[in-house]
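# Inside the fold
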Amino acid sequence: MWQDDICFGQSVGKKFNSDGSARVFKGNTMICLLDHDTEVFRRVVAERDLISSAFPVDVFSPLPDESLHMTAIEGVCNDVREKDYWTSLLTTDTPLVEVDDLFEDLWKKVPPFPPVKMRFDNLWISSGICIGLYPDSYSDDVLIRDWRDAVSSVMGLRFPGHDRYRFHISLGYGISMPDKEGMEKLDSFKKDFDEKCRKEGFVFTVPPASMTYFDSMLFFSKERLPR
């Protein structure tokens, strides 16, 4: 049961405060930002708004339009300086600005992002709420996994679970555990969304991946940020 996996509050004190506001959380990452003039964006926003209207921000903190994306492959976070979650090309005490310098140069050597199609899978509820995705075909899966391997090789990024990475679009973060009524609402949202996925089989072409930089989870910039 998905309820066994729910762990709202894991990001409090890290990415978010207990009132649902975003904390400073710096890093870089390679993501596919959703084009606002697309059907996938409209569907994601509609689901986010449906859920966020049912909960206060100190239970569920929704992400703004500007940050909606699918992660292609994770970069590094300034506050997560562990060997397994850092580039193998630099020591874990390297200032973030120097990591940004290196990644900006290495990104130019990364092969173009392939024309991958993804399918809506389910509503994934854990430390936050996401739309789970899976490649539309075997060839799509091979394309994106091969691309991730290429980036891993160029940029020294191969985190635990690399080969099993679960693609998703985050709608927002869980701040505190819902009460019984809230859990029932989540259960209803999940059942309705999952059934819709089975009936419609919505598929979209993933936008090209971009090298981005962030100071919080609220905005991902394609331009370098002051460090």
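Attention in this report is confined to the structure presented alongside it. Since the structure is predicted, the reported quantities are computational estimates derived from the model, not experimental observations. (Residues numbered from 1 in each chain as written. Predicted model: local features only at pLDDT ≥ 70, side-chain atom pairs only at ≥ 80, totals over all residues. Heavy atoms only, no water.)

## Points about the environment of Arg148
For clarity, the threshold we go by: By definition, any uninterrupted DSSP run of H or I lasting at least four residues is a helix, any uninterrupted run of E lasting at least two residues is a strand, and each is numbered from the N terminus. In this description, contact between two residues means that some pair of their heavy atoms is separated by no more than 4.5 Å.
Here Arg148 is to be found in helix 3 (residues 138–155). Taking the C-alpha atoms as reference points, Arg148 and Ala72, 76 residues apart in sequence, are found 7.3 Å from one another. Each residue touching Arg148, except ones within four places of it in the same chain, is listed here: Ala72, Ile73, His162, Tyr165 and Phe167.

## Re helix 4 (residues 180–200)
Side chains three or four residues apart in an α-helix point the same way, a direct result of the helix having 3.6 residues per turn. Defined as follows: Expected span of a helix: the number of residues minus one, times 1.5 Å. Relative accessibility thresholds used throughout: buried, under 20% of the residue-type maximum; exposed, over 50%; partly exposed, between the two (1.4 Å probe, protein chains only). This arc corresponds to the set of directions leading from the helix axis out to the C-beta atoms. Polar contacts, as used here, are pairs of N or O atoms within 3.5 Å; protein pairs need one atom able to donate a hydrogen and one able to accept it. Residues neighboring in sequence count only if both atoms are side-chain atoms.
In this model helix 4 runs 30 Å from its N-terminal to its C-terminal C-alpha over 21 residues, within 8% of the 30 Å that 1.5 Å per residue would give. Within the sequence span of helix 4, burial applies to Gly182, Met183, Leu186, Asp187, Phe189, Lys190, Phe193, Asp194 and Cys197. Looking down the long axis of helix 4, one finds its buried residues gathered within 165° of arc, a one-sided arrangement. What points out from helix 4, more than 90 degrees from its buried face, is the exposed set Lys180, Lys191, Asp192 and Lys199. Against helix 1 (39–52), strand 4 (117–125) and strand 5 (128–135) lie the buried residues of helix 4. Structurally, the start of helix 4 carries an N-cap: the backbone nitrogen of Glu181 is 3.2 Å from a side-chain oxygen of Asp179. In the stretch just after helix 4, Gly201 is the one whose phi turns positive, near 60°.

## Details of the packing of aromatic side chains
Short version of the rule: Planes of paired rings set the category: under 30 degrees apart is stacked, over 60 is edge-to-face and the rest tilted, where pairs are Phe, Tyr or Trp rings (Trp by its six-membered ring) whose centres lie within 6.5 Å.
Using the criterion set out here, one finds 11 aromatic pairs in the structure. On the numbers, 6.4 Å between centres and 15° between planes, the contact of Phe25 with Phe214 is stacked. One end of the pair, Phe25, is in the segment before strand 1 (27–33); the other, Phe214, is in strand 8 (residues 210–216), with 189 residues separating them in the sequence. Here Phe25 matches Phe214 in class, with each residue buried. Chaining the aromatic ring pairs together yields one cluster made of Phe120, Phe193, Phe202 and Phe204.

## With respect to the pattern of salt bridges
The criterion, for reference: One speaks of a salt bridge when a side-chain nitrogen belonging to Lys or Arg is within 4 Å of a carboxyl oxygen belonging to Asp or Glu.
In this structure the tally under the stated criterion is 20 salt bridges. The residue Arg42 makes a salt bridge to Asp37 at a minimum N-O spacing of 3.9 Å. Residue classification places Arg42 among the partly exposed positions, given a relative accessible area of 44%. When its relative accessible area of 62% is taken as the criterion, Asp37 is described as exposed. Measuring nitrogen to oxygen at the nearest pair gives 2.9 Å for the salt bridge that ties Asp194 to Lys190. Pair noted here: Asp194 and Lys190 are both in helix 4, with a separation of 4 residues, about one helical turn.

## Some remarks on the packing of helix 1 against helix 4
Here is the rule we go by: With axes taken as lines fitted to C-alpha atoms, and helix axes fitted only over the stretch in contact, angles between N-to-C directions fall between 0 and 180 degrees. Each angle receives one of four descriptions, namely roughly parallel if under 35 degrees, roughly antiparallel if over 145, roughly perpendicular if within 65 to 115, and oblique otherwise. Definitions for this section: a left-handed crossing has its near helix turned counterclockwise from the far helix by less than a right angle. A right-handed crossing has that turn clockwise.
Packing of helix 1 against helix 4 leaves a shortest axis separation of 11 Å and a crossing angle of 160°. On the basis of the axis angle, helix 1 is roughly antiparallel to helix 4. Once helix 1 is placed against helix 4, the crossing between them reads as right-handed. Residues Arg43, Glu47, Leu50 and Ile51 of helix 1 lie in contact with helix 4, whose contacting residues are Phe189, Phe193, Lys196 and Glu200.

## Considering the environment of Val40
Here Val40 lies in helix 1. By relative accessible area, Val40 is classed as buried at 6%. Considered as a pair, Val40 and Phe202 are 162 residues apart in the sequence and their alpha carbons are 8.6 Å apart. Every residue in contact with Val40, bar those within four places of it in the chain, is listed here: Leu34, Phe120, Ile169, Phe202 and Phe204.

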